[in-house]
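Working through the structure, step by step
For reference, the chains in residue letters:
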Amino acid sequence: MARTTARPVATREVRLDSERRRCEACGTRTRADWRSRRCVTTLTGCVGLSVQVRVCHHEGCLLKGVSLRAEGEGHWVLPEHEFGLDVLAFIGAQRYREHRSVPEIHALLRQRGVAISERTCTNLLDRYDELISLKLLDSQRLRATLNHQGRAVLAIDGLAPDVGHEVLWVVRECLSGQVLLARALLTGGEQELIPLIDEAKRALGRVPIVGVVSDGQRSIRNALAHALPQVPHQLCHFHYLREAARPLYEADRHAKKELKKRVREVRKVERAVEGRQDAGARATRAYAAAVRSALTDDHRPPLKPSGLLLRRRLDAIEKSLERVFKRGGWPPELSRLHAVLRNALKATASMWPGLARAYQWVERTAAILRNETGLDAAGVRRRLAALLATLVRWTRRRHRGVLRQALAHFLLETRRYWKGLFHCYDVPDLPRTDNDLEHLFGTCRYHERRASGRVRGSAGLVVRGAVRLPAIASASLLPAIDGPHLAPGDLHEWQRLRAQLEQRRVPRIMGRRFRANPDGYLRAIEEELRSYLPV
């Protein structure tokens, strides 16, 4: 979009002279032919740059007639850009260190006297992502960091905000927290992941890989078995317990739903004391608030069953009311509330004992895997095998129906994960879970929510995820970067990266065009193919 206002007037002038006086191709002395003038908006005002341009005129030189601009220009501004690198550094710091949204960043820049639009802030934030990712993923910097460390432990996982679209695959070094690479792939099959792992190996150089941690996805297992056959592959304990206990979680959620349906009368009790300020009304509202808090407190699987927790809390509230009633003289609203809780707990009483016993097996499995006694892999394997043998015998004698099927699923998933559960006890610093990488994904989603206001991740998270996720990680991996240090070391590499990212936007643009006008979109394809089709 063209400017609607005049460019700011420069408040000071800066002369930039070239330090290279000889041609890099032929070695002859170049000639300062002219000076290029451009106006750059910085945080401290508008600066007029007078850039010396030198040209080689030697006959037969490969660079004859090529303009060689002063090197200092790259520390001020990017090619074909109006705003300085210090503005980009400020936008990136506010976005990823202060967690500010784009409108908030725009307001801060306007307060500092920088004439900029909100849309330009978004574009400059994209440039910051590209520049900071080039620095974070620089192979020389990574090798220097990891050579000092002496070994590497990798974590690999994928992030898919949109169903049916690309998946953002990330390889991260666990000990240093460095992001080795991030790639958006159309699928997550074995053949696509093997080159990704090979690229991560090349980025590490001679640093040995002593372990890898991931979830239990089959394609990741196969790819790692092909690319890193001798490296221990630890499977995430959290993913194992979540998948193994999924039927139990569903049974717990069903029981919770049945219990919540019978506690809805609490709303009528609250309405009965609305507007009253006597002691009975205050006590009724306090108990009702406790019930409502218990109803809305949900937990994620696998080790915190929300239904069992709700039942325990409602049982505690009901017993508290019984203790009040033993003293006599209770308000009628409390009696009604007590009746609601008592009837709800009585109606669902048969659901909880078997479910509680089944969850005890999950908790005992998690306690063995935590290995607080410090056993080696063989010791943990023996303890877990003994527990599972006891579980098989217990299930045959005691459990029936849904709970028996759920525990059979638990045993099936345990067999599927078995070979990859115990490497972490023999390999030093190999994590039991890949939760650190999951937390990085969560941070990325948080930034997306701050920017867009949407709960789900946006399409841009995958389209630009190769640079956006490293930029998010840089807030904890790199110190605060000022404008000159943000300058790219190789402009051609930055331009290639930007071209690749723009190319990834094309399918999304075409999809929007099809949704806006399906008939016109298809007719345009047919017209384009007309010259290739037989008459």
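The structure under discussion appears in the preceding block.
Figured I'd write up the structure that's included with this text.

Conventions we followed
Residues numbered from 1 in each chain as written. Predicted model: local features only at pLDDT ≥ 70, side-chain atom pairs only at ≥ 80, totals over all residues. Heavy atoms only, no water. Helix = DSSP H or I, 4+ residues; strand = E, 2+ residues; numbered from the N terminus. Core = buried A, V, L, I, M, F, W, Y, C linked by side-chain atoms within 4.5 Å. Buried < 20%, exposed > 50% of the residue type's maximum accessible area, 1.4 Å probe, protein only. Contact = heavy atoms within 4.5 Å. Phe/Tyr/Trp six-rings, centres within 6.5 Å; stacked < 30°, edge-to-face > 60°. Salt bridge = Lys/Arg side-chain N within 4 Å of Asp/Glu carboxyl O. Arc of directions from axis to C-beta. Expected span 1.5 Å × (residues − 1). Polar contact = N/O pair within 3.5 Å; in protein donor to acceptor, adjacent residues only side chain to side chain. Pairing = 2+ DSSP bridges. Axes fitted to C-alpha atoms, helices over the stretch in contact; angles between N-to-C directions.

Re unusual backbone geometry
Phi at E80 takes a positive value of approximately 60°, unusual for a residue other than glycine. With respect to the helices, strands and loops of the structure, E80 is situated in the loop between β4 (67–69) and α1 (85–96). The backbone of H99 shows a phi angle near 60°, a positive value even though the residue is not glycine. When you line up the elements, H99 lands in the loop between α1 and α2 (102–111).

A closer look at the nonpolar core
Among the nonpolar cores identified, the biggest contains 106 residues, and L109, L248, V263 and L314 are the most heavily contacted of them. Of the residues forming this core, the biggest block, 9 residues, is contributed by helix α13 (residues 352–370). With near-sequence residues (within four places) excluded, L109 lies in contact with L43, V87, F90, I91, V114, I116 and C121. Residues L181, L196, A200 and L228 belong to the second largest nonpolar core, which totals 26 residues.

What about the packing of aromatic side chains?
Throughout the structure, instances matching the rule amount to 5 aromatic pairs. Where Y96 meets Y128, the ring centres are 6.1 Å apart and the plane angle is 25°; that geometry is what we call stacked. Of the two residues, Y96 is situated in helix α1 and Y128 in helix α3 (residues 118–136); the sequence distance between them amounts to 32 residues. Overall, the relative accessible area of 5% leaves Y96 in the buried class. Residue Y128 is classed as buried on the basis of its relative accessible area of 7%. Arranged with centres 5.5 Å apart and planes meeting at 75°, the rings of F514 and Y521 form a pair that is edge-to-face.

Side note on the pattern of salt bridges
The full count for this structure, using the stated rule, is 24 salt bridges. For the salt bridge of D17 with R35, the shortest nitrogen-to-oxygen distance reads 2.3 Å. Of this pair, D17 sits in the loop between β1 (12–16) and β2 (31–42) while R35 sits in strand β2, and the two are 18 residues apart along the sequence. Residue R416 pairs with E413 through a salt bridge whose shortest N-O separation is 3.1 Å. Here the residue R416 and the residue E413 both occupy positions in helix α15 (residues 401–417), the gap between them amounting to 3 residues, near one helical turn. Using a relative accessible area of 33% as the deciding quantity, one classes R416 as partly exposed. We classify E413 as buried; its relative accessible area is 10%. Put simply, D126, R127, D129, E130, R464 and R468 are held in one network by salt bridges that share partners.

A word on α2
Listed in full, the buried residues belonging to α2 are V102, I105, H106 and L109. Summarising the axial view, the buried residues of α2 lie within an arc of 100°, below the 170-degree limit, and thus occupy one face. Next to the buried residues of α2 lie α1 and α3. Residue G113 follows α2 closely and has a positive phi angle near 85°.

With respect to helix α18 (residues 465–477)
Compared with an ideal rise of 1.5 Å per residue, which puts 13 residues at 18 Å, α18 spans 17 Å between its outermost C-alpha atoms and is within 8% of the ideal. Burial of α18 is extensive: 10 of the 13 residues sit out of reach of the surface. Residues of α18 that are buried include every one of G465, A466, V467, R468, L469, P470, A471, I472, A473 and S474, and no others.

Some remarks on the side chain of T433
Note on placement: T433 falls in the loop between α15 and α16 (435–452). Reaching out from T433, the side chain makes a polar contact with the side chain of N435 at a distance of 3.3 Å. Among residues more than four places away in sequence, those in contact with T433 are V213, C236, H237 and F238.

Some remarks on the sheet that holds strand β7 (residues 179–185)
Spatially, 5 strands are ordered β7-β6-β5-β8-β9 in an open sheet, and the strand pairing comes out mixed. Whereas interior strands pair on both sides, the edge strands pair on one side only; in this sheet they are β7 and β9 (233–235). Neighbouring strand axes in the sheet, compared pairwise and without regard to direction, differ in orientation by 20° on average. Across 6 bridges, strand β6 (residues 167–173) lies against β7 in antiparallel orientation. What sits directly across from L168, in β7, is A184. In the packing of helix α5 (residues 190–204) onto the sheet, the strands contacted are β5 (152–159), β6, β7 and β8 (209–214), and the crossing angle to β7 comes to about 155°.

Nothing here speaks to function; it is all geometry.
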